[in-house]
Amino acid sequence: MKLCMIGTGYVGLVSGVCFADLGNDVVCVDKDIFKINKLKKGIIPIYEPGLSELVKKNYKSGRLSFTTNLSEAIKNSQVIFICVGTPTKKNSNAADLSQVFYVAKEIGKFIKSFKIIVTKSTVPVTTGDKIEKILLKNAKRKNFSVISNPEFLREGDAINDFFFPDRIVIGTSDKRTNKLMHSLYAPLLSKGAKYVNSSRRGAELIKYASNAFLATKITFINELANLSEKIGVNIEDISIGMGLDKRIGGRFLRAGPAYGGSCFPKDTRAIVDTAKEFKTDLSIIKNVIKSNENRSKILLNRVSKLLKNKIKNKRITFLGVTFKANTDDMRESSSLVMIPSLISKGAKIKYYDPSGYKKDFDKFKNISFSENIKSACIDADMIIIHTEWNDFKALNFKKLSSKKNVIVYDMRNILSPDKMKKDKINYFGIGR
Ligand code: UDX
């Protein structure tokens, strides 16, 4: 099939190259000429394991192309995916849909033959209705259908999540459209993915509800971790003991710092905002947002306690600053809250992250990026494991720090307390 992906970010680029790898002809459109030119040279703007090889392979095969020419791309495609950004509006919980509506207007100008317009970006419930209205205003006749087909790609695992999805959610009641989408996704359905057909609004809500539920699950275990520390149990036992119940499931049930990323924080706020529009109170999700926003403060209190409330001039090292492992994404990472707070209390910060230097910290004093773990840790009073990169899972802390009573605060519980005890390391985890 001939597909057009509008927007070449995490969603558009990954979905586009994977659709191409399935044998479709895919054109990826972006208004950013520099980004398009880099993509043509195989330079990928996002850190996603395996993506650059896949782009190069499919670009070379001719199935994948890049352009800034939106009208051409629309005219030549049968299915048009809207994959532009839907960030949270400033000083509000609502999603900013200006890019989505701009693209919808543009699409309306160039529809000649029957087209399927798909919102793949995460968009608030009823956005499809609004896109349809815009198209009807601009297009001569209704020879299109507007559907919702949300993605469930995790950063760092996006390619795997595309090729092995649990389900393909398609929000439309149009038979012809369903048939076409069914054949587009046939290679994945034949490998076991379920085809879930709902109304358009239903599919939009499935996406938000899924992310909000995952955020709730994480916050649930994070709060139980607070309790576990007080009653002296190991939260990892609770996660395992609960997770083996098939009705609960063990994934997204690991305690850590506040959840971050470009989705959970944005999507939980957006679904609460949508509910408010429909005069419905989503009290649980509201409390999840509040609890997560408060989490960094709880972990910082513990840092302070472990340093006997003497933070001034203390040397604190962060191993990992991204919001999770296998990505370079810093969006809403809890390190962006914790590090500035420690600096304001007089701490001297070093950090190392396998994905490299972060300009997010440029505006702060008393912080430096270390090129390797050794130089990051050598003179630390406290080493904080903030992100669960594999690089940190088998470190020998006895050799890493010159200070014999260095404190290791493992915010991801990736180290073994028994081994730390055997090595006589001052080790503290989360919820244990
Ligand atoms: C998420 C959804 O998983 C994905 O389906 C959706 O399409 C986009 O948003 P992503 O934001 O890339 O994906 O990351 P994810 O792996 O979901 O982690 C989100 C946050 O939750 C991270 O900060 C992560 O560290 C945290 N997390 C995850 C936990 O704290 N504990 C867990 O057990 C799992």
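Remember, predicted model here, so these are calculated numbers, not experimental data.

Enquirer: Teacher, can you tell me more about the packing of helix H1 (residues 10-21) against helix H3 (residues 51-61) here?
Expert: One way to put it is that H1 packs onto H3 with a least axis distance of 9 Å and a crossing angle of 50°. The angle between H1 and H3 falls in the class oblique. Remark: the crossing between H1 and H3 carries left-handed chirality. Seen from H1, the contacting residues are Leu-13, Val-14, Val-17, Cys-18, Ala-20 and Asp-21; seen from H3, they are Leu-51, Leu-54, Val-55, Lys-57 and Asn-58. Each residue belonging to the contact of H1 with H3 can be placed in one class, and the counts come to eight nonpolar, one polar and two charged.

Enquirer: Would you mind showing me how to read helix H10 (residues 200-231) here?
Expert: What sets the pattern is the α-helix's 3.6 residues per turn: residues three or four places apart point alike. The terminal C-alpha atoms of H10, which comprises 32 residues, lie 47 Å apart, in line with the 46 Å expected from a rise of 1.5 Å per residue. Just downstream of H10 lies Gly-232, where phi reads positive at about 70°.

Enquirer: What am I meant to see in a nonpolar patch on the surface here?
Expert: Taken together, Leu-227, Ile-231 and Val-233 make up a surface patch of nonpolar side chains, about 250 Å² in accessible area. Relative to the assigned elements, Leu-227 resides in helix H10. Residue classification places Leu-227 among the partly exposed positions, given a relative accessible area of 44%.

Enquirer: Just to check I follow, could you spell out the sheet that holds strand E11 (residues 367-369) for this structure?
Expert: The strands that make up a sheet pair up through hydrogen bonds in the backbone, lying either parallel or antiparallel. Reading across the sheet, the six strands line up as E11-E10-E9-E12-E13-E14 and stay open at both edges, with parallel pairing between neighbours. The strands lining the two open edges of the sheet, one partner per strand, are E11 and strand E14 (426-428). Averaged over all pairs of adjacent strands, the angle between strand axes in this sheet comes to 20°, irrespective of strand direction. In terms of strand pairing, strand E12 (residues 382-385) meets strand E13 (residues 407-410) through four bridges, oriented parallel. Within E13, the residue paired with Ile-383 across the bridge is Val-408. Against the sheet, helix H13 (residues 283-306) makes contact with strand E9 (315-319), E12, E13 and E14, and its axis sits at roughly 165° relative to E13, the strand it touches most. Sheet contacts for helix H14 (residues 335-344): E9, strand E10 (348-352) and E11; angle to E9, the most-contacted strand, approximately 170°.

Enquirer: I tried to follow a positive patch on the surface on my own but got confused; where do I start?
Expert: On the surface, a cluster of positive charge is contributed by Lys-374, Lys-398, Lys-399, Lys-422 and Lys-424. Relative to the elements of secondary structure, Lys-422 occurs in helix H17 (residues 417-422).

Enquirer: Which parts of the structure should I look at to understand the nonpolar core?
Expert: The nonpolar side chains of a soluble globular protein tend to be buried, and buried together. Counting residues in each nonpolar core, the largest one holds 42 residues, and the members touching the most others are Phe-19, Leu-51, Phe-81, Met-181 and Tyr-185. Sequence-distant contacts of Met-181, defined by excluding residues within four places in its chain, comprise Val-79, Phe-81, Ile-116, Val-118, Ile-147, Asn-149, Ile-170 and Tyr-195.

Enquirer: What's the story with the domain arrangement of the protein chain in this structure? I'm lost.
Expert: Under the domain assignment used here, the protein chain contains domain 1 (2-198), domain 2 (208-290) and domain 3 (294-428). Taking only C-alpha atoms into account, the centre of domain 2 sits 24 Å from that of domain 3. If you look at the interface, domain 2 gives 17 residues, while domain 3 gives 15 residues. Between domain 2 and domain 3 lies a buried interface of about 1300 Å² when both sides are counted; carbon and sulfur atoms form 48% of it. Among the residues of domain 2 in contact with domain 3, Pro-257, Ala-258 and Gly-261 are the three that bury the most area, contributing 36% of the side total. Linking domain 2 with domain 3 are two salt bridges.

Enquirer: Is there a simple way to explain the pattern of salt bridges in this structure?
Expert: Two side chains with opposite charge may pair up if their charged atoms get near one another. Counting across every chain of the model gives 26 salt bridges. Here Arg-201 ties to Asp-129 by a salt bridge, and the two come within 2.7 Å at their closest N and O atoms. Taken together, the positions of Arg-201 in helix H10 and Asp-129 in helix H6 (residues 127-138) put the pair 72 residues apart, joining distant regions of the chain. Arg-154 is the salt-bridge partner of Asp-157, the closest N and O atoms lying 3.5 Å from each other. The class of Arg-154 is partly exposed, set by a relative accessible area of 25%.

Rules used in this analysis
- Residues numbered from 1 in each chain as written.
- Predicted model: local features only at pLDDT ≥ 70, side-chain atom pairs only at ≥ 80, totals over all residues.
- Heavy atoms only, no water.
- Axes fitted to C-alpha atoms, helices over the stretch in contact; angles between N-to-C directions.
- Helix = DSSP H or I, 4+ residues; strand = E, 2+ residues; numbered from the N terminus.
- Parallel < 35°, antiparallel > 145°, perpendicular 65-115°, else oblique.
- Left-handed = near helix turned anticlockwise from the far one by under 90°.
- Contact = heavy atoms within 4.5 Å.
- Nonpolar A, V, L, I, M, F, W, Y, C, P; charged D, E, K, R; others polar.
- Expected span 1.5 Å × (residues − 1).
- Patch = residues over 30% accessible without salt bridge, like charges linked within 9 Å, V, L, I, M, F, W, Y side chains within 5 Å.
- Areas by Shrake-Rupley, 256 points an atom, 1.4 Å probe, with all protein chains shown as cover.
- Salt bridge = Lys/Arg side-chain N within 4 Å of Asp/Glu carboxyl O.
- Buried < 20%, exposed > 50% of the residue type's maximum accessible area, 1.4 Å probe, protein only.
- Pairing = 2+ DSSP bridges.
- Lys, Arg positive; Asp, Glu negative; His and termini not counted.
- Charge placed at Lys NZ, Arg CZ, Asp CG, Glu CD.
- Core = buried A, V, L, I, M, F, W, Y, C linked by side-chain atoms within 4.5 Å.
- Domains from an automatic or database assignment.
- Buried area = accessible area lost by both parts, 1.4 Å probe.

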